[in-house]
Structures are given as C-alpha cells and as structure tokens.
Amino acid sequence: MEKRGDSIVKLLRKHKKLSRTELMTMTGLSDRIVRKRIEELRNEGFMIGVTASGGYSINNKTDFRRAMAIYKARASKEQKTYRRMQRTLENVNQVRFEG
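Quantities reported herein were computed from a predicted structural model and do not represent experimental measurements.

J.: What should I look at first to understand unusual backbone geometry in this one?
T.: Peptide bonds are trans in most cases, and residues, glycine excluded, mostly fall at negative phi. The backbone of K16 shows a phi angle near 70 degrees, a positive value even though the residue is not glycine. Take K16: it is sitting in the loop between α1 (6–15) and β1 (17–18). Judged by its relative accessible area of 55%, K16 is exposed. Phi at N59 takes a positive value of approximately 60 degrees, unusual for a residue other than glycine. Mapped onto the fold, N59 is located in the loop between β3 (56–58) and α4 (61–94).

J.: How do you make sense of the sheet that holds β3 when you look at a structure like this?
T.: Strand pairs in the sheet, formed through backbone hydrogen bonds, run parallel or antiparallel to each other. Spatially, the three strands line up as an open sheet ordered β1-β3-β2, and their pairing is antiparallel. Sheet topology places β1 and β2 (48–50) at the edges, where each strand pairs with a single neighbour. Strand direction decides the pairing type here: β2 and β3, joined by three bridges, are antiparallel. Counted as the bridge partner of G49 is S57 from β3. This element, helix α3 (residues 31–43), spans β2 and β3 of the sheet and lies at about 125 degrees to β2.

Quick notes on the rules
Residues numbered from 1 in each chain as written. Predicted model: local features only at pLDDT ≥ 70, side-chain atom pairs only at ≥ 80, totals over all residues. Heavy atoms only, no water. Helix = DSSP H or I, 4+ residues; strand = E, 2+ residues; numbered from the N terminus. Buried < 20%, exposed > 50% of the residue type's maximum accessible area, 1.4 Å probe, protein only. Pairing = 2+ DSSP bridges. Contact = heavy atoms within 4.5 Å. Axes fitted to C-alpha atoms, helices over the stretch in contact; angles between N-to-C directions.

Function cannot be inferred from these measures alone, as they are strictly geometric.
In structure tokens, the structure reads:
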C-alpha cells in the first residue's frame, strides 16, 4: 500500500521542481491536502524545499534553507501574536465589567 505522500515524493524526484498547482493536477489532491502532505513529509525527514518561484523541490539545500527561513519567520510572527493576545487577556482581566 502506498503511503499518503509517496506520489508527491516520486513526482518531485522525477521533475526536480514543481509548483503546488502542478502537484495538485498530477496527484488529484486539493491545495490544502498538498500543503498538508508537504508538511507531513518534512516532518518525516524529507528535504522538501521552496523554490525561488514558490514551488517545491526535493534534496536541494538552497531551497530547503529557504523553506526553513519561511518557517522561522512564520513562527516568530505567531509568537508575537500570541504575546499580544496574552497581554490583551491580562488587560481584560484587570477591567471590571458592570452588568
């Protein structure tokens, strides 16, 4: 039985670089599922990177580092949002609501 991401790995190995639209067309998967499978494959240790044009590649260190930088920036942004939400909640807890 083929694992869920096997077709994506095979296609990337064959074509070297593919856009998400191309992967959707070739696999019949939705945009959301392709993105989810890519994330799962990365978590399994596959070196799937992001090309300069925004597509995907496999076993390319430059593209993989680009993907890592994107994740790092996203994590930093999420952390900032979390801290702001936390401060908002602390401020709300200090206000007395009359009702």
